[in-house]
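Chain by chain, the residues:
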Amino acid sequence: MAYPANYRYTREHEWIDVNGKAATVGITEHAQDSLGDIVFVELPKVGDKVEKGKVFGSVESVKAVSDLYAPATGTVTAINEELTTTPEKINADAHTAWIMKIELSDPSEIDALLTAADYETYTKEETGH
Amino acid sequence: MVDFGGWDMPVEYSGLIAEHMAVRTGVGVFDVSHMGDIQLRGPGSLGAVQHISMNDAARLQAGQAQYSAMLYPEGTFVDDIIVHKFSENDYLFVINAGTREKDYEWVRAQARGFDCHVSDYSDYYTQLAIQGPRAQETLQKLTNVDLSKVKFYWFTWGTVCGLPNTLIARTGYTGEDGFEIYIPSDEATSERVWNEVMAAGAEFGILPCGLGARNTLRLEAALSLYGHEISESINVFEAGLDRFCKLEKGAFLGSSALQGVLDAGGPTRKLVGLEVVERGIARDGYRVMDLSGNAIGSVTSGSPAPFLKKNIALAYVPRSFAEVGTEVAVEIRNSPVKAVVVPLPFYKKPKKATQS
């Protein structure tokens, strides 16, 4: 699956879609594929402060639990409640099944994140394919 | 996200949940060649088997298998095994992968003094497990043996996929009906048989299954995994495997220590089944607490249960917390999450009228 060119990516396999100070965050296709069947998502709360590189929640598949790391610092403005009952939506389409929306504290933080092309190269190096 | 766990074998093929459900409702096939096979042969083999394993092999008939375990003198586990009786002087132990070297050395050392020859045949066989309610129909297409005559925990030899004298055992590690077959380990043969099994099971929706489904299936059935529910620091009574341990058969490795445990009033901790009743998934190693927040034990295996659709766990707790219905908490990511002690196994296969 192609990685949207308008998103930025972390080495911890989150994507972020930035629109001015507003941003949407999810996990990547590579992440969902590695995790397998996702059965549980621990969401942050609206109003929570998230900090770049810090844990803001978790996703669990049958076989593993993985922390979610914030791609940027900001305040949570919305969470995808749907994932509480249908976490498998992430498996179905990781790049549209968003996890949270945040208001960025400093949009320039985004510049340091990976581009789609960089991320794709990174995942290939990581998995050795 | 980091660390997806370090497995060397396929954790999943098409998806863990689909694979798990195939075994519960149809049929699935596992490559379990990593299991080890140790044969004990000679006039002293029964004596050696009785000395080394805790179940009573004297009760076995030729063609019958039993779940058992090898114990240290302390009554704790070297490994759990399946003992197959080939004939009066010929037994096969099927052992775990992770403990293979240790097990083989242990059997060799402990069989000394018995008139018995010990051989490691692990590398000679590819072991395929065909498991699920449609396993019999699947395998029946590939063999001349009437599988309906092979009872659970019995085995026979027959032609499978054109391979004569293939060991076919009605055993498994899924809590489901099924068979394990032992075929020559060369790659061409293994691949051919695998493909023929897949083709035979196609009409029943057969799926190749990985270690992930193997783990969730055995957990639902509350079957022990070495290094989790059983280990060198856990004894038979703690693990709840009393019914496979026959102290009355006479002295064997571990028997006097176990008698001592009984004489002292039984084990102080017990393996229990937990169902997480609040939101959260208990995982291996998580702490179990009482409702006041005091640590009382730990989870040995925990996972979402794909068929039962519950979050379940096996855990060691003090005996006073082992009663069914007892409420405890599992510490999940620093928060106590309520769980309740439930009867084991979590899952029991439905009885089939046609099968004895």
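That block above? That's the structure.
**Q** An account of the overall build of chain A is needed here, citing residue identities and associated values.
**A** When you go through chain A residue by residue, the secondary structure sums to four helices and nine strands. Shown N-terminal to C-terminal, the secondary structure of chain A runs as helices and strands in the order β-β-β-α-β-β-β-β-β-α-α-β-α. In terms of overall size, chain A behaves like a compact globule, its C-alpha atoms giving a radius of gyration of 14 Å where 129 residues would be expected to give roughly 14 Å. With respect to the principal axes defined by its C-alpha atoms, chain A has extents near 35 × 35 × 20 Å.

**Q** Mind laying out the nonpolar core, listing which residues take part and the relevant values?
**A** Membership of the largest hydrophobic core comes to 128 residues, with the highest contact counts inside it found for B:Leu274, B:Ala282 and B:Val330. Those residues in contact with B:Val330 that lie beyond four places of it in its chain are B:Leu274, B:Val276, B:Ala282, B:Tyr286, B:Val288, B:Val299, B:Ala313, B:Val337 and B:Ala339.

**Q** A description of the interface of chain B and chain A should follow, citing residues and the corresponding values.
**A** On the side of chain A, 19 residues touch chain B, which itself brings 17 residues to the contact. Residue assignment for the side of chain B that touches chain A shows that the elements contributing at least two residues are α1 (16-25), α6 (211-220) and β14 (295-305) of chain B.

**Q** Please provide a residue-by-residue account of the packing of α1(B) against α6(B), values included.
**A** All names here are of chain B. Relative to each other, α1 and α6 sit at 55°, their axes nearing to 9 Å. The orientation of α1 with respect to α6, classified from their angle, is oblique. Once α1 is placed against α6, the crossing between them reads as right-handed. On α6, the residues touching Leu 16, Glu 19, His 20 and Val 23 of α1 are Gly 212, Ala 213, Thr 216 and Leu 217. In terms of residue class, the contact of α1 with α6 is built from four nonpolar, three polar and one charged.

**Q** I'd like a description of unusual backbone geometry, backed by residues and values.
**A** Along the chain, B:Leu344 connects to B:Pro345 via a cis peptide bond; the corresponding omega equals -5°. Even without glycine at this site, A:His13 takes up a positive phi of about 75°. Summarising the element assignment, A:His13 is placed in the loop between β1 (8-9) and β2 (14-19).

**Q** How would you sum up the pairing of β14(B)? Please name residues and give values.
**A** Residue and element names in this part refer to chain B. β14 sits mainly inside the fold: eight of its 11 residues count as buried. Between strand β13 (residues 287-289) and β14, which pair antiparallel and follow one another directly, the connecting turn spans five residues, one of which, Gly 293, has a positive phi of 95°. The pairing of β14 with strand β15 (residues 310-318) spans seven bridges and is classified as antiparallel. Residue Ser 303 lies in a different strand from β15, and its bridge partner there is Ile 312.

**Q** Provide a residue-level description of the sheet that holds strand β4 (residues 38-42) of chain A, including the pertinent values.
**A** Residues and elements named next belong to chain A. Pairing within the open sheet is antiparallel, and its three strands lie in the order β4-β6-β7. Since the sheet does not close on itself, it has two edges, and those belong to β4 and β7 (65-69), each with one partner. Along the sheet, successive strands turn relative to each other by an average axial angle of 25°, direction set aside. In this sheet, β7 lies alongside strand β6 (residues 55-61) in antiparallel orientation, the contact comprising five bridges. Looking at the pairing, Ser 58 lines up with Asp 67 of β7.

**Q** Before we move on, can you summarise the environment of B:Asp37 with the specific residues and values?
**A** All names here are of chain B. With respect to the helices, strands and loops of the structure, Asp 37 is situated in strand β2 (residues 36-41). Put simply, Asp 37 and Gln 127 are 90 residues apart on the chain and 9.8 Å apart in space, counted from C-alpha to C-alpha. Sequence-distant contacts of Asp 37, that is, excluding residues within four places in its chain, are made with Leu 92, Val 94, Tyr 121, Ser 122 and Tyr 125.

**Q** Give me the lowdown on helix α5 (residues 187-201) of chain B, citing residues and values where you can.
**A** Residue and element names in this part refer to chain B. In a regular helix each residue adds 1.5 Å, so 15 residues correspond to 21 Å; α5 covers 21 Å between its end C-alpha atoms and thus fits that length. Turning to α5, its buried residues number three or more, namely Val 193, Val 197, Ala 200 and Gly 201. Seen from one end, α5 has its buried residues packed into an arc of 90°, which puts them on one side. Opposite the buried face of α5, by more than 90 degrees, sit the exposed residues Glu 187, Ala 188, Glu 191 and Asn 195. Those residues of α5 that are buried are in contact with β1 (28-31), β7 (125-131), α4 (135-140) and β10 (178-184).

**Q** Could you give me a rundown of the packing of helix α2 (residues 45-52) of chain B against helix α3 (residues 100-111) of chain B, with the residues and numbers involved?
**A** Residues and elements named next belong to chain B. Orientation of α2 relative to α3, taken along the N-to-C sense of each, is 120°, at an axis distance of 10 Å. On the basis of the axis angle, α2 is oblique to α3. In this structure, α2 meets α3 at a crossing whose hand is right-handed. Residues Ala 48, His 51 and Ile 52 of α2 pack against Val 107, Gln 110 and Ala 111 of α3. In terms of residue class, the contact of α2 with α3 is made up of four nonpolar, two polar and no charged.

Here is what the cut-offs are and how they apply
Sequence order as written defines residue numbering, which begins from 1 separately in each chain. Starting at A for chains and at 1 for ligands, labels are handed out in the order in which the entities are written. Whole-chain, interface and lining totals are the exception, using all residues; otherwise, since this is a predicted model, local features are given only for residues with pLDDT of at least 70 and side-chain atom pairs are given and counted only at 80 or more. Every helix listed is a DSSP run of H or I at least four residues long, and every strand listed is a run of E at least two residues long, numbered separately from the N terminus. C-alpha atoms define the radius of gyration, and 2.2 Å times the number of residues to the power 0.38 defines the globule rule. In this description, a nonpolar core means buried residues of the types Ala, Val, Leu, Ile, Met, Phe, Trp, Tyr and Cys, linked to one another by C-beta atoms lying within 7 Å. Partly exposed residues are those whose C-beta has more than 12 but fewer than 20 other C-beta atoms within 10 Å; 20 or more makes a residue buried and 12 or fewer makes it exposed, with C-beta atoms placed from the backbone. C-beta atoms are first placed from the backbone for all residues, and any pair lying within 7 Å is then listed as a contact. Every axis in this analysis is a line fitted to C-alpha atoms, fitted for helices over the stretch in contact. Angles between the N-to-C directions lie between 0 and 180 degrees. Orientation is classified from the angle alone, with under 35 degrees giving roughly parallel, over 145 giving roughly antiparallel, 65 to 115 giving roughly perpendicular, and any other angle giving oblique. Take the far helix as your reference; a near helix turned counterclockwise from it by less than a right angle gives a left-handed crossing, and one turned clockwise gives a right-handed crossing. Residues are grouped as follows: Ala, Val, Leu, Ile, Met, Phe, Trp, Tyr, Cys and Pro are nonpolar; Asp, Glu, Lys and Arg are charged; all remaining types, including Gly, are polar. Between any two strands, pairing holds if DSSP finds at least two bridges. In a helix, the anticipated span is given by 1.5 Å times the number of residues less one. As used here, the arc is the angular range of directions from the helix axis to the C-beta atoms.

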